[in-house]
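Here is how the chains run, residue by residue.
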Amino acid sequence: MSVLTEERLIQFLKETVDIERDCLERIVSEGTRPVPADILARYRSLIQSIYAERDHEPTLQEECWEWIWEIKEGMNLIQLYGRLAWLNLQLLELL
């Protein structure tokens, strides 16, 4: 049973979509280049915020989430967008 509030989940979804939008704007011209520092910092912050909820949300403790907690250095925008898309779907399922 989810103990994350709907408000918190929606906040995470909004942050995810905001970062996705910024990635999409750059993918055509910069897709295979490393993620710009500002976008990567926002992604790190989002992941840290979600990770902090692990003790309160059993779903976040499942093995399928382990890879998302590891932020790969040198990730490109396409890879980051893929991670965000997966994250978006998982958060929607928690609603």
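Relevant structure appears above.
Residues numbered from 1 in each chain as written. Predicted model: local features only at pLDDT ≥ 70, side-chain atom pairs only at ≥ 80, totals over all residues. Heavy atoms only, no water.

(A) Representation of the packing of helix α2 (residues 37–51) against helix α4 (residues 77–94). The N-to-C vectors of α2 and α4 enclose an angle of 30°; their axes lie 12 Å apart at closest approach. The orientation of α2 with respect to α4, classified from their angle, is roughly parallel. Handedness of the crossing formed by α2 with α4: left-handed. On the side of α2, the interface is formed by Ile39, Tyr43, Leu46, Ile47 and Ile50, while α4 contributes Leu77, Leu80, Arg83, Leu84, Leu87 and Leu91. Looking at the contact of α2 with α4, its residues break down into ten nonpolar, no polar and one charged. (Axes fitted to C-alpha atoms, helices over the stretch in contact; angles between N-to-C directions. Helix = DSSP H or I, 4+ residues; strand = E, 2+ residues; numbered from the N terminus. Parallel < 35°, antiparallel > 145°, perpendicular 65-115°, else oblique. Left-handed = near helix turned anticlockwise from the far one by under 90°. Contact = heavy atoms within 4.5 Å. Nonpolar A, V, L, I, M, F, W, Y, C, P; charged D, E, K, R; others polar.)

(B) Geometry of the packing of aromatic side chains. Inspection of every chain in the model, using the stated rule, returns four aromatic pairs. Seen in terms of ring centroids, tryptophan 65 and tryptophan 86 are 5.0 Å apart; in terms of plane orientation they differ by 70°. Their pairing is edge-to-face. Residue tryptophan 65 is located in the loop between α2 and α3 (66–69), and its partner tryptophan 86 is located in helix α4; the two are separated by 21 residues in the primary sequence. Since its relative accessible area comes to 0%, tryptophan 65 is described here as buried. For the pair tryptophan 67 and tryptophan 86, a centre-to-centre distance of 5.1 Å together with 70° between the ring planes defines the contact as edge-to-face. Remark: tryptophan 86 occurs in helix α4 and tryptophan 67 occurs in helix α3; sequence separation between them is 19 residues. (Phe/Tyr/Trp six-rings, centres within 6.5 Å; stacked < 30°, edge-to-face > 60°. Buried < 20%, exposed > 50% of the residue type's maximum accessible area, 1.4 Å probe, protein only.)

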